[in-house]
Amino acid sequence: MDEGRGSNTEGKAMDSWDYAGDFRRKHGPIKVVVYLVLMIVSFAIQRHIASPIEQGIVAQFQVIISVYLAVSLPKYGFLTAFLALGIEFLVILLRVVTVRDWSVL
């Protein structure tokens with residue numbers, strides 16, 4: 001008798017786990033698109049800001065949304081955040097090398 005009840009409880013836990021996975025699969029692409037839009041907007045804003053303090057605030061915002069994406073979508077979120085932040089790093093490095101603008105560091 002107890003075995004039947006235990007297996008039923010496990011079935012309910014498995015259903016809720018499947019629901020979480022299903023939710024992640026359905027809304028994962030939406031999260032990635034929203035993340036990319038927020039990153040592009042923050043890149044544009046950060047480029048036009050002169051104050052290092054304000055640039056740091058925008059950079060922290062980028063890190064926070066990157067961590068959120070990586071935690072909420074472990075595989076694709078991590079890859080997307082890694083690529084977006086890697087591209088930003090290369091753009092900043094290119095600006096430092098070509099224009100010799102050390103203020104971006």
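For the structure, check the block above.
Remember, it's a predicted structure, so these values are computed and weren't measured experimentally. (Residues numbered from 1 in each chain as written. Predicted model: local features only at pLDDT ≥ 70, side-chain atom pairs only at ≥ 80, totals over all residues. Heavy atoms only, no water.)

(A) Structural context of the layout of surface pockets. Considered as a void within the structure, the largest pocket measures approximately 320 Å³ in volume. If one sorts the elements of the lining of the largest pocket by residue count, helix H3 (residues 74–99) sits on top with five residues. Per-class residue counts for the lining of the largest pocket are five nonpolar, two polar and three charged. (1 Å grid on protein atoms, 1.4 Å probe; cavity = no way out; pocket = protein on both sides within 12 Å on 5 of 7 lines; lining within 4 Å. Points joined across faces, edges and corners; volume = space filled by probe spheres on them. Helix = DSSP H or I, 4+ residues; strand = E, 2+ residues; numbered from the N terminus. Nonpolar A, V, L, I, M, F, W, Y, C, P; charged D, E, K, R; others polar.)

(B) Molecular detail of a nonpolar patch on the surface. On the surface, Tyr76, Phe78, Leu79, Phe82 and Leu83 cluster together into a nonpolar patch covering about 590 Å² of accessible area. Counting through the fold element by element, Phe82 comes out in helix H3. (Patch = residues over 30% accessible without salt bridge, like charges linked within 9 Å, V, L, I, M, F, W, Y side chains within 5 Å. Areas by Shrake-Rupley, 256 points an atom, 1.4 Å probe, with all protein chains shown as cover. Salt bridge = Lys/Arg side-chain N within 4 Å of Asp/Glu carboxyl O.)

(C) View of the side chain of Thr80. As for its position among the elements, Thr80 is in helix H3. The class for Thr80 is buried, based on a relative accessible area of 16%. With near-sequence residues (within four places) excluded, Thr80 lies in contact with Val32, Tyr35, Leu36 and Leu69. (Buried < 20%, exposed > 50% of the residue type's maximum accessible area, 1.4 Å probe, protein only. Contact = heavy atoms within 4.5 Å.)

(D) Looking closely at the nonpolar core. Formed by Val32, Tyr35, Met39, Ile65, Leu69, Leu73, Ala81 and Ala84, the largest nonpolar core amounts to eight residues. Looking at this core, the elements that each hand over two or more residues are helix H1 (2–47), helix H2 (52–72) and H3. When residues in this core are grouped by element, the largest group, three residues, is from H1. With residues up to four places along the chain from it excluded, the contact list for Val32 reads Leu69, Leu73 and Thr80. (Core = buried A, V, L, I, M, F, W, Y, C linked by side-chain atoms within 4.5 Å.)

(E) Layout of the packing of H2 against H3. In the contact formed by H2 and H3, the axes pass within 6 Å of each other and the chain directions differ by 155°. When the axis of H2 is compared with that of H3, the two are roughly antiparallel. Between H2, through Gln62, Ser66, Leu69, Ala70, Val71 and Ser72, and H3, the contact on the second element is made entirely by Pro74, Gly77, Phe78, Thr80, Ala81, Leu85 and Glu88. Of the residues in the contact of H2 with H3, the class split is seven nonpolar, five polar and one charged. (Axes fitted to C-alpha atoms, helices over the stretch in contact; angles between N-to-C directions. Parallel < 35°, antiparallel > 145°, perpendicular 65-115°, else oblique.)

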